[in-house]
Amino acid sequence: MTAAANCTTSILANVRLMDGEAADIVMQSDRITGIAAGLADTMPAATRIEGDGLLALPGLVDGHMHLDKTLTGCVWMGHRAGPERISRIEKEKELRDELPPVVERAANLVRCCIAHGTTAIRTHVDVDPDLGLSHVHALAEVREQFAGHVDIQIVAFPQLGVMRCPGTADLLEAGLSEGADLLEGLDPILIDDDLDGQLSALFDIAERKGVGIDIHLHDAGAHGLAEINAVSERAGVAGMAGRVTVSHGFCLGAAADDDFARAVDAMAKAGVSLVTHGGASSPLPAVKALRGRGVRVFAGNDDVRDPWSPFGNGDMLERAMLLAWRSGYRTDDDLAIAFDCASAAGAAVLNIEGHGLAVGSRADLFTVDAETLAEAVAQRAPRDLVFKAGRVVAKGGEFADGA
Ligand SMILES: [Zn+2]
């Protein structure tokens, strides 16, 4: 296949595709307009970018981040919180005044994400009566700063709860007018002790504003299952298929078979997806079983070097490896599932049109020094070039501003 060369045409020459075949990838404006071996030789006027025989893969999608919490770029701080979630919340509040501005810290992490091949991020951003919408405003600024380098979706996140913090529901709604794209919930039973109250507040706003919901559910056992079933029921009634996500859903990792099947089937019927970071501190929901029953499962890094966790650098290929490792995956086919969670599945939930390595798709892709997709995941192979909308935004593991 061919593509007419013009001044906006560039060619990523000499890469390999997932099937092992050599190819050149032609990009015009923000789209892939040709993929075939030998294309570069037929388009001498196009800008040639050497792919060095590396593997080309579609852009990574980080489906669950907390960019406003990160300490990336700061002097190293040892973890200060105790083992309980409430301790992490309190320590984080204590730290806030000591830290560089949110915009600066978040931007540091965004550059790391891009350098590792991430082309889209969903970030949860704290909203509470003390902070107001200041972090939403900061992340809206970061999104603007990195427009053209990475897509950023902002979820207004009530870290301290909704019902137990009067005024928070109004703040969440106001956040939708000031930069947030979605609403967030948080453990309605554990945090608010009011399952119906929190979900009524969230779904009322979501339906009136026509936005999606992503809800952190850490609750274990019967509480967690009750929350998932209630979220699925409300999503179904509201006709919000494809626009409601359960984050974590740890209870599914330890549920009895019939409880698991009931909850997962309710999610599938209502079009509720699940995002996981494969964390080791709680039972991991069975990714293949969820997918097999029709639930879209995608992945995100969650906390990256912040008051909640000292780990991580924003690498979604590493997240895919950890998800595979925790799931007991070893075969190439299984490693491909982990990659799908870190790329295409996330793109579908984030409603990113044209994701993928195909003619007509958005030119969001990266090259990696691996023979196969499975090797790239298992070895967290080094990235070289990262393209966003046809532009080089990172090279050799370094963010490339405006290249
Ligand atoms: Zn989270």
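In this text, all values refer to a predicted model and were calculated from it rather than measured experimentally. (Residues numbered from 1 in each chain as written. Predicted model: local features only at pLDDT ≥ 70, side-chain atom pairs only at ≥ 80, totals over all residues.)

### Side note on the nonpolar core
Reasoning step 1: By size, the foremost hydrophobic cluster in this structure holds 126 residues, and its most contacted members are Ala320, Ala338, Cys341 and Val377.
Reasoning step 2: Examining the composition of this core, we find that nine residues originate from one element, helix H3 (residues 102-115), more than from any other.
Reasoning step 3: Counting contributing residues per domain, this core is built from domain 1 (9-58 + 356-399) and domain 2 (60-349), each supplying no fewer than three. (Core = buried A, V, L, I, M, F, W, Y, C linked by C-beta atoms within 7 Å. Buried ≥ 20, exposed ≤ 12 C-beta atoms within 10 Å, placed from the backbone. Helix = DSSP H or I, 4+ residues; strand = E, 2+ residues; numbered from the N terminus. Domains from an automatic or database assignment.)

### Focus: the packing of helix H7 (residues 221-238) against helix H8 (residues 257-270)
Axis angle and axis distance: for two packed helices, these are the angle between their axes and the distance between the axes, and together they describe the pair.
Reasoning step 1: Relative to each other, H7 and H8 sit at 25 degrees, their axes nearing to 8 Å. Comparing the axis directions of H7 and H8 gives the class roughly parallel. As H7 packs across H8, the resulting crossing turns out to be left-handed. When H7 is examined against H8, the residues Leu225, Ile228, Asn229, Ser232, Glu233, Ala235 and Gly236 are found in contact with a partner set consisting of Asp259, Ala263, Ala266, Met267, Lys269 and Ala270.
Reasoning step 2: Tallied by class, the residues present in the contact of H7 with H8 amount to seven nonpolar, three polar and three charged. (Axes fitted to C-alpha atoms, helices over the stretch in contact; angles between N-to-C directions. Parallel < 35°, antiparallel > 145°, perpendicular 65-115°, else oblique. Left-handed = near helix turned anticlockwise from the far one by under 90°. Contact = placed C-beta atoms within 7 Å. Nonpolar A, V, L, I, M, F, W, Y, C, P; charged D, E, K, R; others polar.)

### A word on H7
Reasoning step 1: Spanning 18 residues, H7 covers 26 Å between terminal C-alpha atoms, matching the ideal 26 Å at 1.5 Å per step.
Reasoning step 2: Looking one or two residues past H7, glycine 239 carries a phi angle of roughly 65 degrees, positive in sign. (Expected span 1.5 Å × (residues − 1).)

### Considerations on the sheet that holds strand S13 (residues 297-299)
Reasoning step 1: Taking strand neighbours across the sheet as the criterion, the eight strands line up as S6-S7-S8-S9-S10-S11-S12-S13 in an open arrangement whose pairing is parallel. The open sheet terminates on both sides in strands that have one partner only, identified here as strand S6 (60-65) and S13. Strand-to-strand, the axes of this sheet are offset by a mean angle of 25 degrees, without reference to chain direction.
Reasoning step 2: Note that strand S7 (residues 118-126) and strand S8 (residues 151-157) share seven bridges and pair parallel. Looking at the pairing, alanine 120 lines up with aspartate 151 of S8. (Pairing = 2+ DSSP bridges.)

### Some thoughts on the domain arrangement of the protein
Reasoning step 1: Splitting the protein by domain gives domain 1 (9-58 + 356-399) and domain 2 (60-349).
Reasoning step 2: Computed from C-alpha atoms alone, the centre-to-centre distance between domain 1 and domain 2 is 30 Å.
Reasoning step 3: Every contact between the two is made by 21 residues of domain 1 and, on the other side, 22 residues of domain 2.
Reasoning step 4: Broken down by secondary-structure element, the contributors of at least two residues to the side of domain 1 that touches domain 2 are helix H13 (373-379), strand S15 (383-388), strand S16 (391-395) and strand S17 (398-399).
Reasoning step 5: Looking at the side of domain 1 that touches domain 2, the element that brings in the most residues is H13, giving five residues.
Reasoning step 6: Of the residues belonging to the side of domain 1 that touches domain 2, the class tally is twelve nonpolar, three polar and six charged.

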